[in-house]
Protein chains: 2
Amino acid sequence: METGAESEEATEEARAEQERARLVPVKLEPFNAETPLEALAQARTPTASFFVRSNHPEPELPADAHRIAVEGAVEVPLTLKPAELARGPLRELTVTLECAGNGRTSMAPLPEGEPWDKGALGTAVFKGVPLAEVLGRARLRPDVLEVLVEGADGEGSKRFARTLPMSKALHPDTLLALEMNGAPLSRAHGAPVRLIVPGWYGMASVKWVRRITVLTRPFRGHYQSERYIYDLGDGRAPEPVTRIRVKSLIIAPGEGARVAPGRVVVQGVAWSGERRVVQVEVAVDGGETWKPATLLEPPRPSAWVRWAFTWEDAQPGRHTLRARATDEAGETQPETVPWNRLGYGNNAVQVRLVDVG
Amino acid sequence: METGAESEEATEEARAEQERARLVPVKLEPFNAETPLEALAQARTPTASFFVRSNHPEPELPADAHRIAVEGAVEVPLTLKPAELARGPLRELTVTLECAGNGRTSMAPLPEGEPWDKGALGTAVFKGVPLAEVLGRARLRPDVLEVLVEGADGEGSKRFARTLPMSKALHPDTLLALEMNGAPLSRAHGAPVRLIVPGWYGMASVKWVRRITVLTRPFRGHYQSERYIYDLGDGRAPEPVTRIRVKSLIIAPGEGARVAPGRVVVQGVAWSGERRVVQVEVAVDGGETWKPATLLEPPRPSAWVRWAFTWEDAQPGRHTLRARATDEAGETQPETVPWNRLGYGNNAVQVRLVDVG
């Protein structure tokens, strides 16, 4: 006879199985997978199709037993239950998350690391309590420098842990999230509590949060000083990977798609961390003839904007399509990015081959 | 009632149609198409699957009426019928042809020009008379510099015409070919007579040859000085595109293929113009771990060599495969090539994504 707990576990396993079936697997253990291109066509990426990036096996943290310690350079150390966080004040934000290694397989020489193509990307609605709110309750000491957030994944020096500078930790959009797309976080996405750092590459959005430590000195953990750094391999000190670089993606027509001649609607998304995208341009075939696309919604910082472009009079044969985005700071997607040893931040313009006929 | 000529024409049209159906079209008019990847798995590329690159509409040249003029700095100008050439002495060679623009769509920024991916490549057996033999009959004057070969395609300044330096024109492997893979040349491949320049990119192998002029001064035609040049876009004088750079291609597993875990045999081809390939290495996943592949036949200059590599113990998930060739001159395929304005000579190492599971 099944006990209730066993049955619940079986249900959770079945749910995880089901979710994995909709993803494009990249690594099975720990599980890493991309969002399929067709799911990116939706304004919000369904949770079951949302890319998963985990550095370690997913920890299982029952929400009722889990506690989050808030400690370090604070006047009032706290121990928080997820249910306490759920009392708010809650904030809901639409956030585009992109893995820092997205597009790594287009870099040459090919760096080591998960072989991400284009789909380590998704946009979801996250709901949670601003980290600033929790830090306010704990009362920061005057000499604080950064905030360390630890996940429950990994062990010893490889435990997953990242810091944020105070300005980002105290930003009202930086959330301790409990919900994703209107439902409690799934295990793959960091249940019961995940940090959401809008505008920064995904590594900053620590999953399975178990400890928050306010620091007065810089943190030098593995995932901060040995990974998620731009190491140009030229002997210069690496820069940390932080905000998401301006980028765009053509969703339709898909890779190698066959479309009828005549009018073809090209659609995609564009995003830039912490900034609004202000322009997307499309080039049909090679060379430097760029034409403006139409933004389909008011651009917001830290979430993608959907765009469309009408390709008039597509002629039979193979053609190439490219898109490039520009953000409100005037930064435009480059044609190539400086190679870096760990393969991060590849926001170069992509080429899509399309067959007309 | 159909006349014999009309019926013959209809048959020729039907044959052309049939051939085009096996190719991957890139442009319909003039017709340009790639060899499908699966056809490249054969030691010799069947003519019906052999890539077609034409700068102009294909001229129709009935073999019995066609004449080739041999003139310029010669003692004995000639007018040759294809049937006279067929009397020999004939020479048969296996030659790898690659379009200079093959791989252009992997260059950034994307240059103008036909959007070739990986299949502007093929290997066939060509049979014909050495050009040196014909030049010998015409008797060269002492001050000759290069040999101009004109096709019957294109008009005025855009007629297709290319020169060879004397050393290459007189090389015994440079042929006026009449046959391809044991049959008379098809119209798409230059019937009735095509120049074959082993080891040089395809533009040198002028199709539909109608005139051969021995020159005492350098030729500056459109397809020699405005196209088929490495223009690095940095103000320096462009270099002409000549010999095929060392390169390799993974044939199997194909792009995005799904293979069973365990032992996976990786297969491909490697070639280098005018030189033997002496080594092919394969890297599984990113980083710099290269392992030697096995060459499956004795390497020859100007024809590809097939190779195989056994990937032991492939684990479930996505993986990347890369191959790189080295030739007898010690030249190894680079990870990136210097960008050039017209997008030629891209022999960079390619990344193949494979799903194991």
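These figures come from a predicted structure and were not determined experimentally.

**Focus on the overall build of chain A**
On a plain count of helices and strands, chain A comes out with five helices and 23 strands. Radius of gyration (C-alpha) of chain A: 21 Å, near the 21 Å computed for a compact globule of 357 residues. With respect to the three principal axes, the spread of C-alpha positions in chain A is 65 × 60 × 40 Å. A burial count over chain A gives 48% of its 357 residues as buried. Considering only residue pairs separated by 6 or more positions, chain A has 70% of its internal contacts joining residues 24 or more positions apart.

**Thoughts on the interface of chain B and chain A**
Counting from both sides, the interface comprises 28 residues of chain B and, opposite them, 27 residues of chain A. It is strand β22 (residues 317-327) of chain B that contributes the most residues to the side of chain B that touches chain A, five residues altogether. A breakdown of the residues in the side of chain B that touches chain A according to their chemical character gives 13 nonpolar, nine polar and six charged.

**Brief notes about the domain arrangement of chain A**
Residues and elements named next belong to chain A. Under the domain assignment used here, chain A contains domain 1 (44-240) and domain 2 (247-356). The centre of domain 1, based on its C-alpha atoms, is set 29 Å off from the matching centre of domain 2. Between domain 1 and domain 2, the contact holds 26 residues from the first and 18 residues from the second. Secondary structure elements with two or more residues in the side of domain 1 that touches domain 2: β5 (91-98), β6 (121-130) and β13 (229-230). Considering each element in turn, the side of domain 1 that touches domain 2 owes the most residues, three residues, to β5. When the residues that make up the side of domain 1 that touches domain 2 are grouped by side-chain class, the tally is eleven nonpolar, ten polar and five charged.

**Details of the pairing of strand β17 (residues 262-271) of chain A**
Residue and element names in this part refer to chain A. Strand direction decides the pairing type here: strand β15 (residues 247-252) and β17, joined by five bridges, are antiparallel. Bridging across to β17, Ala252 finds its partner in Gln267. When β17 meets strand β21 (residues 305-314), the two strands line up antiparallel, connected through eight bridges. Paired with Gln267 across the strands is Ala308, a residue of β21.

**Considerations on unusual backbone geometry**
In this structure, A:Pro30 follows A:Glu29 across a cis peptide bond, with omega equal to -5°. With respect to the element layout, A:Pro30 can be found in the loop between β1 (24-27) and β2 (32-34). Cis geometry is found at the peptide bond from B:Ala252 to B:Pro253, where omega equals 0°. Backbone geometry places A:Asn181, a non-glycine residue, at a positive phi of 55°. By the secondary structure assignment, A:Asn181 is in the loop between β9 (175-180) and β10 (183-184). At B:Glu274, a residue that is not glycine, the phi angle is positive and equals roughly 70°. Relative to the helices and strands, B:Glu274 resides in the loop between β17 (262-271) and β18 (277-284).

**Here's the deal with the sheet that holds strand β3 (residues 68-72) of chain B**
Residues and elements named next belong to chain B. Overall, mixed pairing links the five strands, which are arranged β4-β3-β12-β7-β8 in an open sheet. Among the strands making up the open sheet, the edge pair consists of β4 (78-80) and β8 (161-165). Going from strand to strand, the sheet's axes swing by 20° on average, the running direction of each strand aside. Both strand β7 (residues 146-151) and strand β12 (residues 209-215) contribute to a ladder of six bridges, which runs antiparallel. Looking at β12, one finds that Gly151 is bridged to Val209.

**Looking at the sheet that holds β17(B)**
One open sheet accounts for four strands, arranged β15-β17-β21-β20 (chain B); its pairing is antiparallel. Either end of the sheet is taken by a strand with one partner, and the two such strands are β15 (247-252) and β20 (294-295) of chain B.

**Quick word on the confidence of the model for chain A**
Per-residue pLDDT for chain A averages 95, and the proportion of residues at 70 or more is 96%. Interface confidence for the predicted complex, given as ipTM, is 0.90, next to a pTM of 0.92.

**Observations regarding the environment of B:Gln315**
All names here are of chain B. One can find Gln315 in the loop between β21 (305-314) and β22. For the pair Gln315 and Arg236, spaced 79 residues apart in sequence, the C-alpha separation works out to 49 Å. If we ignore the near neighbours within four places in the chain, the residues touching Gln315 are Pro261 and Val356.

**Considerations on helix α3 (residues 131-138) of chain A**
Residues and elements named next belong to chain A. Along α3, the residues that are buried comprise Leu131, Val134 and Leu135. Relative to the axis of α3, the buried residues are bounded by an arc of 100° and lie together on one face. One or two steps after α3, the chain reaches Arg139, where phi turns positive at roughly 60°.

**Observations regarding the environment of B:Leu353**
Among the structural elements, B:Leu353 can be located in strand β23 (residues 352-356). Residue B:Leu353 is classed as partly exposed on the basis of its C-beta count, with 16 C-beta atoms lying within 10 Å. In the structure, B:Leu353 is positioned 163 residues away from B:Gly190 in sequence and 36 Å away in space, judged by C-alpha atoms. Setting aside residues up to four positions removed in sequence, B:Leu353 forms contacts with A:Thr105, A:Pro115, A:Asp117, B:Gly256, B:Arg318 and B:Thr320.

Analysis parameters
Residues numbered from 1 in each chain as written. Chains lettered and ligands numbered in written order. Predicted model: local features only at pLDDT ≥ 70, side-chain atom pairs only at ≥ 80, totals over all residues. Helix = DSSP H or I, 4+ residues; strand = E, 2+ residues; numbered from the N terminus. Rg over C-alpha atoms; globule rule 2.2 N^0.38 Å. Buried ≥ 20, exposed ≤ 12 C-beta atoms within 10 Å, placed from the backbone. Contact = placed C-beta atoms within 7 Å. Nonpolar A, V, L, I, M, F, W, Y, C, P; charged D, E, K, R; others polar. Domains from an automatic or database assignment. Pairing = 2+ DSSP bridges. Axes fitted to C-alpha atoms, helices over the stretch in contact; angles between N-to-C directions. pLDDT = per-residue confidence, 0-100. Arc of directions from axis to C-beta.

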